[in-house]
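Each chain is listed here by its residues.
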Amino acid sequence: MNTLPSFSAPKITVVGTGYLGATHAICMAVMGFDVLGFDVDQRKITQLAAGEVPFYEPGLPEKLDEALASGRLRFTSDLDEVAQFGDVHFICVGTPQAPNSSAADLTYVDAAFAGLAARISRKALLVGKSTVPIGTAGRLAGMVADISPLGTELEVAWNPEFLREGFAVQDTLHPDRLVFGVASEWAESMLRQAFAPLLAAGTPLIVADMPTAELVKVAANSFLATKISFINAMAEVCEATSADVSMLAQALSLDDRIGGRFLKPGLGFGGGCLPKDIRAFKHRAEQLGVGQAVSFLGEVDSINNRRRVRTVDLVRELAGGSLAGVRVAALGAAFKPNSDDVRDAPALDVARMLYLEGAVVTVYDPEANANAHRLYPDLNYAGSLASAVEDADVVALLTEWDEFRSAEPDYLGSLVRHRRMVDGRHALDAGRYRACGWEYRALGRPYQAAPARQEAKGSVQQR
Ligand code: UDX
């Protein structure tokens, strides 16, 4: 894609080349802009400049190659160079959960805006993309005006980002919508130029004030988290009856008003966004005196966390009541498939809880083993699905990678010690597993005894 219109395209900088920033920088260069990416982490800069994406994201390495080959994408760890280069500066640094609080930690955002404000000497636009508490953009605009030699000439705008890990390239090059939070017509026109190829392609645009733009992002993530926790709350109700949450979700999803996306029951949500964003939103709403309006987000969080505990319960039940010395194969560590991100990953949390109850846990994730090992070095890690399940007493599917979905139940059965499966993601065909003699359990689905006798490894199946 190189579809820049005829006007002079703004020079773009991207400050913070983590997940969001690296993808944004690469895709802006692919769209035809001259882009300079910046990070304080020299290792990331060196990797990206050498054509290496520092995390797993399908399709992004190819786009990085394309952008570097075009000559339009460079990386630096010199903020002075960034200040001189850019007309539009996108700030994409992280806003993690603060230590010992549910609030967002804005240290990196503040430092990025302050650093640029002190250095920029010509009219330019600072655009925040990070997810922040409402009111942050306004506060930063004041701070920038105080610091900058240009005063209010150096403007701030907000442009929330909705990309999903695993679909980062698609979501950046073909977003559902663009949202510009601006305080002036000039800021809007700069953003229109910076996103000209996407606007020309018909991407819907909402031009808003800055607080609304900030709110769009947290409201979207809160809605998605609520939808997931809603169906998982229904799973809890199903567990108290003999109802089946999979069928329930399917029936609900056929109602156009409800729809099936983000209505998949199971182990629930994790990752670097949904959990911390709903907590920070609740915290900010309380500060604003409207805590009651979003107090339900606390319940959304609790439902989500209970799914992890309940998954451990299922493994324990299948193991006969105690986890001590039980060999568990934990399939998956990433917070979702097609990602190597283990931040607040439900899968890894379950593996950790099983380990703390005395189980011998072997984790296998097609991409996230290294990241998981850094976080939990005490767990065992296997290099393949086959070695993870070998001699397992219970297998727990915790992240729904295709490799696990497509595994043959009989083949897996020939490797394990006992054919016992906890399907934490409703990803497997329960009928096929049961037909192959597996005891199959999933959250929110009624218990059915396995049709075949309990198998020991290597023994012949009875149907
Ligand atoms: C999310 C938002 O979707 C994205 O718009 C925002 O920019 C960043 O946060 P991401 O964290 O990449 O994106 O993951 P997402 O695909 O939204 O999934 C979040 C979690 O919800 C995952 O752990 C996933 O397994 C879980 N999930 C999703 C469910 O448990 N059930 C579902 O039906 C859908």
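The numbers attached to residues start from 1 for each chain and follow its sequence in the written order. Owing to the predicted nature of the model, reporting of local features is limited to residues with pLDDT of at least 70; listing and counting of side-chain atom pairs is limited to 80 or more, with chain, interface and lining totals taken over all residues. To obtain the side-chain values, all non-hydrogen atoms of the structure were used and water was disregarded.

Here's the deal with the nonpolar core
How we decide: In this text, buried Ala, Val, Leu, Ile, Met, Phe, Trp, Tyr and Cys residues form a nonpolar core when linked through side-chain atoms within 4.5 Å. The cut-offs for exposure are 20% and 50% of the maximum accessible area for each residue type, with area from a 1.4 Å probe on protein chains only; residues under the lower value are buried, those over the upper are exposed, and the others partly exposed. A run of H or I in DSSP counts as a helix once it spans at least four residues, and a run of E counts as a strand once it spans at least two, with each numbered from the N terminus. Only heavy atoms matter for contacts: two residues are in contact if any of them lie within 4.5 Å across the pair.
Ranked by size, the top nonpolar core spans 42 residues in total, and within it Ile12, Met28, Val35, Leu73, Phe90, Leu191 and Phe195 carry the most contacts. Sorting elements by how many residues they give to this core places helix H1 (residues 19–30) first, with nine residues. Once residues lying within four places of it in the same chain are set aside, the contact partners of leucine 191 are Phe90, Leu125, Val127, Ala157, Phe180 and Val182.

A few points about the packing of aromatic side chains
This is how it is decided: Two rings from Phe, Tyr or Trp (for Trp, the six-membered ring) form a pair when their centres are within 6.5 Å of each other. A pair whose planes differ by under 30 degrees is stacked, one over 60 is edge-to-face, and the rest are tilted. Charges are assigned to positions over rings by a cutoff of 6 Å between ring centre and Lys NZ or Arg CZ, combined with an angular limit of 35 degrees from the ring normal.
Using the criterion set out here, one finds seven aromatic pairs in the structure. Where tyrosine 19 meets phenylalanine 55, the ring centres are 4.5 Å apart and the plane angle is 25°; that geometry is what we call stacked. In this pair, tyrosine 19 sits in helix H1 while phenylalanine 55 sits in the loop between helix H2 (42–49) and helix H3 (60–70), placing the two residues 36 residues apart along the sequence. Across the pair, exposure class does not vary: tyrosine 19 and phenylalanine 55 are buried alike. An aromatic cluster is present here, built from Phe90, Phe180 and Phe195 joined pairwise through their rings. The ring of phenylalanine 162 has arginine 177 lying over it, and the distance from NZ or CZ to the ring centre is 3.6 Å.

Points about the UniProt feature "binding site: NAD(+)" (unreviewed entry) in the protein
What counts, and what does not: UniProt positions are given in the numbering used here, feature names are shortened, and annotations may be inferred rather than shown by experiment. Contacts described as polar in this section are N or O atom pairs within 3.5 Å, which, within protein, must combine one atom able to donate a hydrogen with one able to accept it, while residues neighboring in sequence count only if both atoms come from side chains.
Taking the numbering used here, the UniProt-annotated feature "binding site: NAD(+)" (unreviewed entry) corresponds to Asp39, Lys44, Thr95, Thr131, Glu165, Lys276 and Arg343. For the residues just named, distributed over 305 residues, the greatest C-alpha separation reaches 24.0 Å, placing them at more than one site. Following the sequence through the fold, lysine 44 ends up in helix H2. Mapped onto the secondary structure, threonine 95 falls in the loop between strand S4 (88–91) and helix H5 (107–119). From its side chain, threonine 95 meets the backbone oxygen of threonine 131 in a polar contact 2.7 Å long.

So, the site of the ligand
Selection criterion: For each residue, the test is whether any non-hydrogen atom lies within 4 Å of the molecule or strand; if one does, the residue is near. What sets the accessible areas is the Shrake-Rupley method with a 1.4 Å probe; for residues, cover comes only from the shown protein chains.
With respect to spatial proximity, 20 residues lie near the ligand, and among them Phe162, Leu163, Glu165, Lys264 and Lys336 are the closest. One of the backbone N or O atoms of leucine 263 is found 3.3 Å from an oxygen atom in the ligand. Lysine 336 is positioned such that a nitrogen or oxygen atom in its side chain is 2.8 Å from an oxygen atom of the ligand. Within the complex, the protein chains bury 91% of what would otherwise be the 670 Å² of accessible surface of the ligand.

Focus on the pattern of salt bridges
The criterion, for reference: What counts as a salt bridge is simple: a side-chain nitrogen of Lys or Arg found within 4 Å of a carboxyl oxygen of Asp or Glu.
Tallied over the entire structure, the rule returns 37 salt bridges. Residue aspartate 39 is joined to lysine 44 by a salt bridge in which the shortest nitrogen-to-oxygen separation is 4.0 Å. In this structure, arginine 279 engages aspartate 301 in a salt bridge whose closest nitrogen and oxygen atoms are separated by 2.8 Å. Placement of arginine 279 in helix H12 (residues 274–287) and of aspartate 301 in helix H13 (residues 296–318) is noted, with a sequence separation of 22 residues between them. Through salt bridges that share partners, Glu236, Glu239, Glu299, Arg306, Arg307, Arg310, Asp313, Arg316, Glu317, Glu357 and Arg441 make up one connected network.

Side note on H1
Here is the rule: To estimate the expected span of a helix, count its residues, drop one, and scale the result by 1.5 Å.
In this model, H1 (12 residues) spans 17 Å end to end at C-alpha, consistent with the 16 Å of a helix rising 1.5 Å per residue. Judged by how many residues are buried, H1 sits mostly within the fold: 12 of 12 residues are covered. Phi for glycine 32, located one or two positions after H1, is positive at around 115°.

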